[in-house]
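# Observations on chain architecture
Take a look at the letters that make up each chain.
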Amino acid sequence: MLRLGIVGLPNVGKSTLFNALTAAKAEAANYPFCTVEPNVGMVEVPDPRLDKLAELVQPKRTVPAVVQFVDIAGLVKGASQGEGLGNKFLQNIRETDAIVHVIRCFADDDVTHVMGQPDPARDKEIIELELALSDLGQVEKRLDKARRAAKAADKDALAELPALEAANAALSEGKPLWRAGLTAEQFAALAGLQLLTAKPVLYAANVTDAELAGEEGPYLKALRAAVAASGEHAEIVPFSAKIEAELAELSAEERVEFLASLGIETAGLDRLIRAGYSLLGLETYFTAGEQEVRAWTIHRGDTAPKAAGVIHTDFEKGFIRAETVAYTDFVTHGGWKTAREKGAVRSEGKEYVVQDGDVLLFRFNV
């Protein structure tokens, strides 16, 4: 399951986006700090392939993959020193896989901006600094313990110390770890701390309705320039919180018609989830039987036993083989029976790397 933490300044559209994504009615109001407790919501991953498989197999139930979104109170400048609600809510997103940074990219006198006027580059820097300072507190505590243990020749502490020192130096300058030039080994050594600025980041740019179907405005261009100047290879997903809120109230058919009337191909939710999957190297495989058709999330490069373990650890431990058919072949042949008759079903072993869209039937022994 993909877990995304939503951060941003107050009144940038975070809670409105969360409500639209999850159909949960988290309070959204035109004043700072209305989101006091973290909101957690589960969102089904839209995948037309799953619908097609269910249409063919006619199972008793269909289970899509899900994404968990965690929305916390808006951060303000000085949160790490206790301004606003402080940064105590950041702990709630430390277990997420990636950070979605929502940035307001429109001007509206009727919607208060905590800093006066929107400035995407400035707003981006404020949140980065607060995340970095929050991480600094975590690293300083760990570093103090590691230094004491290292003096006693503790092997684990000695191995961890260089990564902690490098992280501490960067964070002390207010620099997020994704721009600190740490090695893969150093990031691995820090993994247990669940540092926020070591997580991949996506930018969700809240723009006007017109921008989604037309030319980009100055605020979105300013955000793109700021991300490019920072050297990040982060994707920016433009969305309209207003449109997403309206879409949440519509049926599937009405959603298609509404988007078409606006000249927009896909909803912000779909693009945000796809961007999250791409960012983290995630893929989907399917199981398809009379009882259930289901989508499962794995990492690109996972072998068949690893994919089986997503269903249950016993499947991975006792893995024998995976009956495998590509999604297109499964659909073309109308299911397992004909796919087998036509030779489209393969028997794959422990070394097989699962491909996106594979339909799998695992054989295992426990």
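Residues numbered from 1 in each chain as written. Predicted model: local features only at pLDDT ≥ 70, side-chain atom pairs only at ≥ 80, totals over all residues. Heavy atoms only, no water.

Turning to helix α4 (residues 155–172), a few remarks are in order. With 18 residues, α4 extends 26 Å between its outermost C-alpha atoms, agreeing within 8% with the 26 Å of an ideal straight helix rising 1.5 Å per residue. At L161, α4 is bent by approximately 35°, the largest bend along its length, and proline P162 sits one to four residues beyond. Taken together, the buried positions of α4 are occupied by A157, E160, L161, A163, L164, A167, N168, A170 and L171. A positive phi of about 75° marks G174, the residue just after α4. (Helix = DSSP H or I, 4+ residues; strand = E, 2+ residues; numbered from the N terminus. Expected span 1.5 Å × (residues − 1). Bend = angle between axes of the 7 residues up to and from the residue. Buried < 20%, exposed > 50% of the residue type's maximum accessible area, 1.4 Å probe, protein only.)

Another aspect to go through is the pattern of salt bridges. Using the criterion set out here, one finds 23 salt bridges in the structure. Salt bridges linked by common partners bring K124, E128, R179 and E232 together as one network. (Salt bridge = Lys/Arg side-chain N within 4 Å of Asp/Glu carboxyl O.)

We now examine the confidence of the model for the protein. Summing up the model confidence of the protein, the mean pLDDT is 87 and the portion of residues at 70 or higher is 90%. Ranking the helices and strands of the protein by mean pLDDT puts strand β10 (residues 319–325) first, with 98, and helix α1 (residues 14–22) last, with 79. Contacts from residues 24–36, a stretch scored under 50 in pLDDT, to residues over four places away or in other chains number 34 contacts. (pLDDT = per-residue confidence, 0-100. Contact = heavy atoms within 4.5 Å.)

Interaxial distance between helix α3 (residues 120–151) and helix α7 (residues 218–229) falls to 8 Å at its minimum, and their mutual angle equals 50°. When the axes of α3 and α7 are compared, the pair comes out oblique. Here α3 contributes P120, A121 and K124 to the contact with α7, which in turn contributes Y219, A222, L223, A226 and V227. (Axes fitted to C-alpha atoms, helices over the stretch in contact; angles between N-to-C directions. Parallel < 35°, antiparallel > 145°, perpendicular 65-115°, else oblique.)

Looking now at the packing of α3 against α4. With their axes 9 Å apart at the nearest point, α3 and α4 run at an angle of 150° to one another. The handedness of the crossing between α3 and α4 comes out as left-handed. Residue-level contacts link A132, D135, L136, V139, E140, R142, L143, A146, R147, A149 and A150 of α3 to A157, L158, E160, L161, L164, E165, A167, N168, L171 and S172 of α4. Looking at the contact of α3 with α4, its residues break down into 13 nonpolar, two polar and six charged. (Left-handed = near helix turned anticlockwise from the far one by under 90°. Nonpolar A, V, L, I, M, F, W, Y, C, P; charged D, E, K, R; others polar.)

Taken across its eight residues, strand β9 (residues 292–299) has six buried, putting it largely inside the fold. As paired elements, strand β3 (residues 61–63) and β9 share three bridges and run parallel to each other. Directly across from R61, in β9, lies its bridge partner E292. Strand direction decides the pairing type here: strand β8 (residues 282–288) and β9, joined by seven bridges, are antiparallel. (Pairing = 2+ DSSP bridges.)

A word on helix α10 (residues 268–280). Across its 13 residues, α10 extends 18 Å between first and last C-alpha, which sits within 8% of the 18 Å expected from 1.5 Å per residue. Every buried residue of α10 is accounted for by G268, L269, D270, R271, L272, I273, A275, G276 and Y277. A positive backbone phi angle near 65° is found at G281, which sits one or two residues after α10.

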